[in-house]
Amino acid sequence: MLVTFKTKYYSNITLFGNIALTFIRIMGHSSTVPGAIRAEDVPAALRRLSKAIEQEPASETSPSDSGYDDDNGDNEPVVSLRQRALPLIELLQSAVESESNVMWE
């Protein structure tokens, strides 16, 4: 499942369902899709998400690691929760500045 976040004056952001639902819950909303945050509630949602992400490690790998997940042999790069949240944080900041609603489907 993919979840797409939308606001009036910013590009749509599409995330994998499990990551999107995690962010939706962190922002203080039920994990229902579709859903929305009213413009007046967006600043609080942004604060919650930013605070949660600040507590996450900057990277899930140590400096000596290659930055790839070799546990399952896929040799895929590891992407931290913090990195995954950045586009959504930027969308929320744009919604705050333009006083717009945020929707996801």
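Residues numbered from 1 in each chain as written. Predicted model: local features only at pLDDT ≥ 70, side-chain atom pairs only at ≥ 80, totals over all residues. Heavy atoms only, no water.

K.L.:
Would you take a moment to explain the sheet that holds strand 3 (residues 35–37) for this structure?
P.N.:
Sheet strands line up and pair through hydrogen bonds in the backbone, either parallel or antiparallel. The strand order across the open sheet built from four strands is 2-1-6-3, with neighbouring strands paired in antiparallel fashion. Sheet topology places strand 2 (10–16) and strand 3 at the edges, where each strand pairs with a single neighbour. Across the sheet, the axes of successive neighbouring strands diverge by a mean angle of 20°, strand direction being ignored. Bridge count for strand 1 (residues 2–7) against strand 6 (residues 102–104) is three bridges, and the pairing is antiparallel. Pairing of Lys-6 across the sheet is with Met-103, part of strand 6. Along the sheet face, helix 3 (residues 81–98) touches strand 1, strand 2 and strand 6 and points at about 145° away from the line of strand 2. (Pairing = 2+ DSSP bridges. Helix = DSSP H or I, 4+ residues; strand = E, 2+ residues; numbered from the N terminus. Axes fitted to C-alpha atoms, helices over the stretch in contact; angles between N-to-C directions. Contact = heavy atoms within 4.5 Å.)

K.L.:
I would appreciate a short explanation of the side chain of Thr-7 in the present structure.
P.N.:
Of note, Thr-7 is situated in strand 1. According to the relative accessible area criterion, Thr-7 is buried, its value standing at 6%. Of note is the side chain of Thr-7, whose polar atom sits 2.8 Å from the backbone oxygen of Asn-101. In contact with Thr-7, not counting residues within four places along its chain, are Leu-91, Ala-95, Ser-100, Asn-101 and Val-102. (Buried < 20%, exposed > 50% of the residue type's maximum accessible area, 1.4 Å probe, protein only. Polar contact = N/O pair within 3.5 Å; in protein donor to acceptor, adjacent residues only side chain to side chain.)

K.L.:
When you look at the packing of aromatic side chains in this model, what are you seeing that I'm missing?
P.N.:
Think of a pair of aromatic rings as described by two things: how far the centres are apart, and how the planes are tilted against each other in angle. Counting across every chain of the model gives one aromatic pair. An angle of 45° between the planes, with centres 5.9 Å apart, marks the rings of Phe-5 and Trp-104 as tilted. Of the two residues, Phe-5 is situated in strand 1 and Trp-104 in strand 6; the sequence distance between them amounts to 99 residues. (Phe/Tyr/Trp six-rings, centres within 6.5 Å; stacked < 30°, edge-to-face > 60°.)

K.L.:
Teacher, can you tell me more about helix 3 here?
P.N.:
Think of an α-helix as 3.6 residues a turn; residues three or four steps apart then line up on the same face. A rise of 1.5 Å per residue sets the reference length of helix 3, with its 18 residues, at 26 Å; its end C-alpha atoms lie 26 Å apart and thus fit the reference within 8%. The largest bend in helix 3 comes to about 30°, at Pro-87. Of the residues making up helix 3, those classed as buried are Leu-81, Ala-85, Leu-88, Ile-89, Leu-91, Leu-92, Ser-94 and Ala-95. Considering only its buried residues, helix 3 is in contact with strand 1, strand 2, helix 1 (17–26), helix 2 (42–54) and strand 6. (Expected span 1.5 Å × (residues − 1). Bend = angle between axes of the 7 residues up to and from the residue.)

K.L.:
Explain the pairing of strand 1 here, please?
P.N.:
Each regular strand displays side chains that alternate between the two surfaces of the sheet. As judged from the five bridges shared by strand 1 and strand 2, these two strands associate in the antiparallel manner. Each residue of the ladder has a partner; that of Val-3, found in strand 2, is Leu-15. The turn joining strand 1 and strand 2, which pair antiparallel and follow one another in sequence, is formed by two residues.

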